[in-house]
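Per-entry structural report
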Amino acid sequence: MTKRSAHRGTGAGAPVLDTRALNRATLDRQLLLRRSRRSVQDAVHHLLGLQAQNVKPPYQALAARLDGFAPERLSALMASRDVARIVTLRSTIHTHTAHDCLTLRPFVQPARDRELGAFRQGLDGVDLDRLANAARELVETEPRTMAQLRQALGARWPDADPRALAVAARCTLPLVQVTPRGLWGESGRVALTTAEHWLGRPAGPAPAPEDVVLRYLAAFGPASVKDMQTWAGLTRLRDAFERLRPRLVTFRDTGGTELFDLPDAPRPDPDTPAPPRFLPEFDNLLLSHADRTRVVPPAHRGRNWQGNQAYRALLVDGFLAGLWKQAPDALVVEPFGKLTGAQREEVAEEGLRMLRVLHPGTAFDVRFGDVTGR
């Protein structure tokens, strides 16, 4: 796709990007078309954070994306407090740079306010400003678990729902998970303190929506307004796109949806080879667009989910093509369909490479199985 074929303005008559074109562009932005030599910190910043409901996914996500990655590099950044784990996008835990912990969290605060609304009944008579001040004092004196917050806040507001009190603290304050939670090869309970206290500096003001739009497009574009709203868990972002329209280029997908992009962003040829990649559960590649067909073929929609549980995803030719899991002595690959002999070899080679990165010195086999029940 040449830059001359992109349109500025209203998007009427804009060139069409088919599914493969969108796939290759997004993989390139996500550092999945070829592994990047970026530093770990730069990659976490570029990707606007990594899904981190569990400890291992951020490490697995970077192993798929970075050349020369070693888990100790991300772990060291967590120990030095240059990155941290915090609830941000879509009300889920992400590993962010310190800068993004202090700025993206204020940006998505409206979503935290909506989440809090679901617990209002249990907070009858509770002054939220007083609660936030009390919770801040508690967690900055000593990192607390959610159970400890429930107990301590419940003692101050005995007529309120203790769970609602703890959720209110999490929604009103930017609470990070302190180490050793999140460090590679270590275990630790989820204990919380404020981002300002942990990172040693005050939270910044929320960035202008336009600035976040530009970063989102750099990491996930080309994309629609609804795509970004899905990624952020926010609404009413169209005005920011409209203010940026003179600086952006526009396309259409095959369904006619208008897509925005940065003029100089990479949009590789749709026939560019896409090597296999092993992604963790909840990887942002699979969660950050309203229309996920650029990565998830319609025939496989929902096959990497069961209820609230996501499974680790295998990409073949850039698209979701199966699941994977790690046994004590083997990588178990479960394709959704038949792979060619060459594809099986490439998948096995990529899987062993990932395991060498994450578990150096440990021997593993690669086994191919069938997806059952999904």
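Right above here is the structure, for reference.
Now for a description of the structure that goes with this document. All of these numbers come straight from a predicted model, not from anything done at the bench. Each chain carries its own residue numbering, running from 1 in the direction its sequence is written. Given that the model is predicted, a residue must reach a pLDDT of at least 70 before its local features are reported, and side-chain atom pairs must reach 80 or more before they are shown or counted; all residues, however, enter totals for whole chains, interfaces and linings. Note that water and hydrogens are dropped before the side-chain values are worked out from all heavy atoms of the structure.

A word on the sheet that holds strand S8 (residues 277-279). One open sheet accounts for five strands, arranged S8-S11-S12-S13-S14; its pairing is mixed. At either margin of the open sheet sits one strand with a lone partner, and together these are S8 and strand S14 (365-368). Averaged over all pairs of adjacent strands, the angle between strand axes in this sheet comes to 30 degrees, irrespective of strand direction. By definition, residues are in contact when any of their heavy atoms lie within 4.5 Å. What counts as an axis is a line fitted to C-alpha atoms, over the stretch in contact for a helix, and the angles between N-to-C directions run from 0 to 180 degrees. Starting at the N terminus, helices and strands are each numbered in turn, a helix being any DSSP run of H or I of at least four residues and a strand any DSSP run of E of at least two. Helix H3 (residues 57-65) rests against S8 and strand S12 (319-327) of the sheet, and its axis sits at about 165 degrees to S8. Between any two strands, at least two bridges found by DSSP are needed for them to pair.

Further remarks concern helix H11 (residues 209-220). Expected helix span is given by 1.5 Å per residue-to-residue step, counting one fewer step than there are residues. Taking 1.5 Å of rise per residue, the 12 residues of H11 would be expected to cover 16 Å, and the 16 Å separating its terminal C-alpha atoms lies within 8% of that figure. Burial in H11 covers these residues: Glu-210, Val-212, Val-213, Tyr-216, Leu-217, Ala-219 and Phe-220. Elements that come into contact with the buried residues of H11 comprise helix H1 (19-29), helix H2 (40-46), helix H5 (98-107), helix H12 (225-232), helix H13 (238-244) and strand S7 (258-261). Partly exposed describes any residue whose relative accessible area lies between the buried limit of under 20% and the exposed limit of over 50%, with all areas from a 1.4 Å probe on protein chains only and scaled to the type maximum.

Once that is clear, we can look at the nonpolar core. For our purposes a nonpolar core is just a set of buried Ala, Val, Leu, Ile, Met, Phe, Trp, Tyr and Cys residues, chained together by side-chain atoms within 4.5 Å. In this structure, Val-40, Tyr-59, Leu-62, Phe-69, Phe-278 and Leu-358 are the most contacted members of the largest nonpolar core, which totals 33 residues. Breaking this core down by element, the ones donating at least two residues are H2, H3, helix H4 (71-79), strand S11 (313-316), S12, strand S13 (330-335) and helix H14 (341-358). Per-element accounting of this core gives the leading share, five residues, to H14. When residues no more than four places from it in sequence are discounted, the contact partners of Val-40 are Leu-62, Leu-66, Phe-69, Arg-73, Leu-74 and Leu-77. With 26 residues, the next largest nonpolar core counts Val-108, Val-212, Phe-260 and Ala-265 among its residues.

This part is about the pattern of salt bridges. Salt bridge, as used here: a side-chain nitrogen of Lys or Arg that lies within 4 Å of a carboxyl oxygen of Asp or Glu. Counted by the stated rule, this structure contains 24 salt bridges. Put simply, Glu-196 and Arg-136 hold a salt bridge, and the shortest N to O gap is 3.7 Å. Here Glu-196 is found in helix H10 (residues 195-199), whereas its partner Arg-136 is found in helix H7 (residues 128-141), with 60 residues between them in sequence. Judged by its relative accessible area of 19%, Glu-196 falls in the buried class. Under the relative-accessibility criterion, Arg-136 is labelled partly exposed at 25%. Counted as one network, the salt bridges with shared partners bring together Arg-35, Arg-277, Glu-350 and Arg-353.

We now examine the environment of Ala-218. Tracing the backbone shows Ala-218 in helix H11. Ala-218 has contacts with Arg-29, His-46 and Leu-262, leaving out every residue within four places of it along the chain.

With that settled, the discussion passes to the sheet that holds strand S1 (residues 50-51). With antiparallel pairing, the five strands of this open sheet are ordered in space as S1-S3-S2-S4-S5. The sheet terminates laterally at S1 and strand S5 (192-194), the two strands that pair on one side only.

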